[in-house]
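An overview of the molecular structure
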Amino acid sequence: MFWVILVVLCLLAVVFAVWPLWRNAHRLTPVVATIIVFTVALSAVLYDAVGSPGIPSGRSGADESLPDMQQAVATLQGRLAKNPEDIAGWKMLGRTQMSLGNFGGAAEAYEKAMALEDGRVAQTLVDLAIAISNRDQSPIAGRTAGLVETALSLEPNHPAALFYSGVAAANSGDTDTAADRWEILLGLNPPEDIRHMLVQRIAEWRGEAPAAAMPPPVAEAGPSGDPAADDAVVSARVALSDEAQAAINGDANVFIIARDPAAPTPPIAVTRRRLSELPAVVSLSDTQSMVAGRNLSAFAEIELLARVSLSGGPAAAPGDWFGSMLVRPADTKSVVLVIDQQVP
């Protein structure tokens, strides 16, 4: 299991390190290639230093996964008890706790890492904000918004900080600032599907017509007539439970998200529908992938989540309704996903 986490972390490290250079060069230059090799090598060295490569990575069944991860957490905690100034170790513990859904433990680990870094590393601040928000089941506001703003002051073009600072501004009613932040994010050349979502929301905040800002990309339809369905990695019939349908008034955005259960942030792929369109069959393919090279088809197991956003934004907020399930595309590509839970 830890080797899977290592690969995911390496991929994320490569994306964050290489994206700005790739955006400027649009080709694999020697500099970009060197950074890829260096980033992967550094991630592997850090894992070897603070991880647990000796723990068996194979598993005979899904029930063994959690004990393996808990053993890894205990091993890492033991090493950190002997070496409490190991920043990389605290960050790895935070990521592992997030993958287990132990958001309180993740927040504590990121607090330690932030303190050791004197609050000067943007990614750690963002990771801590996300962990706290998940722990408290609260929107990005108050302290978490402050953490994101500090991250943005350290790295003005940090993608995650720009995204969450826009969400925080919108939550507080400051749509002008929200639009400003997401317009900067647009300039970082996000994937097309995400770009379209950002453009639409910015247009709403600016009081403009979304269609005039940027039309959605048109893909050539295959035999089924649905461009996404013909190369879908997974398809879900998304519907509301009777309770959710009775509780929700009016129309709203519905975000259908695929994410890695071991590393939920950032999502692997995202698409959007309107509540009035449900029930509907929604197909996700590599074309909806958020990060180039991090394809949905590369994951053996994904968490599929559908969320009715009452605020209109992609971040979870109190009152939103959602449904989620684990899917193994190799076993089944068609599932039924019912929206039947509410964010407290």
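Residues numbered from 1 in each chain as written. Predicted model: local features only at pLDDT ≥ 70, side-chain atom pairs only at ≥ 80, totals over all residues. Heavy atoms only, no water.

1. Examining the overall build of the chain
To be explicit about the condition: Secondary structure elements are defined from DSSP: runs of H or I of at least 4 residues count as helices, runs of E of at least 2 residues count as strands, and each element is numbered from the N terminus. A 1.4 Å probe rolled over the protein chains alone gives each residue an accessible area, and that area as a share of the maximum for its type sets the label: buried under 20%, exposed over 50%, partly exposed in between. Shrake-Rupley sampling with a 1.4 Å probe provides the accessible areas, and residues are treated as covered by the protein chains on show and by no other component.
When its secondary structure is counted, the chain shows twelve helices and eight strands. Here the chain, with 344 residues, has 46% of them falling under the buried criterion. On the chain, roughly 16,400 Å² of surface is accessible, and the fraction owed to carbon and sulfur atoms is 56%.

2. Quick word on the sheet that holds strand S4 (residues 280-284)
Our working definition: Paired strands are those between which DSSP finds at least two bridges. For helices, the fitted axis covers only the stretch in contact; all axes are lines through C-alpha atoms, and the angles between them, taken along N-to-C directions, range from 0 to 180 degrees.
A sheet is described by the order of its strands in space; here three strands give the open sequence S4-S1-S7, paired in mixed fashion. The open sheet has two free edges, formed respectively by S4 and strand S7 (334-339), since each of these has just one partner strand. Mean inter-strand twist for the sheet, computed between neighbouring axes without regard to direction, equals 30°. Both strand S1 (residues 234-240) and S4 contribute to a ladder of five bridges, which runs antiparallel.

3. As for the packing of helix H6 (residues 122-136) against helix H7 (residues 143-154)
Heads up, the condition is: When describing relative orientation, an angle under 35 degrees is termed roughly parallel and one over 145 degrees roughly antiparallel, while 65 to 115 degrees is termed roughly perpendicular and anything else oblique. Left-handed describes a crossing whose near helix is turned anticlockwise from the far helix through less than a right angle; right-handed describes the clockwise counterpart. Whether two residues are in contact is decided by their heavy atoms: any pair within 4.5 Å suffices.
At a minimum axis separation of 8 Å, H6 and H7 run at an interaxial angle of 165°. Between H6 and H7, the interaxial angle falls into the category roughly antiparallel. Every pair of crossing elements has a handedness; the one defined by H6 and H7 is left-handed. Contact with H6, carried on its side by Ala122, Leu125, Val126, Leu128, Ala129, Ile132 and Ser133, involves Arg143, Thr144, Leu147, Val148, Thr150, Ala151 and Leu154 of H7 and no other residues of that element.

4. With respect to the confidence of the model for the chain
So the rule is basically this: Summary of the metric used: pLDDT quantifies the predictor's per-residue confidence within the range 0 to 100.
Overall, the prediction assigns the chain a mean pLDDT of 76, with 72% of residues at 70 or greater. Looking over the chain, one finds the lowest element-wise mean pLDDT in helix H11 (residues 210-213), namely 41, and the highest in helix H5 (residues 103-116), namely 94. Confidence drops under pLDDT 50 across residues 1-9; counting only partners more than four residues distant or on other chains, this segment forms 21 contacts. Contacts of residues 210-230 to residues separated by more than four positions or lying in other chains number 27 contacts, the stretch itself having pLDDT below 50.

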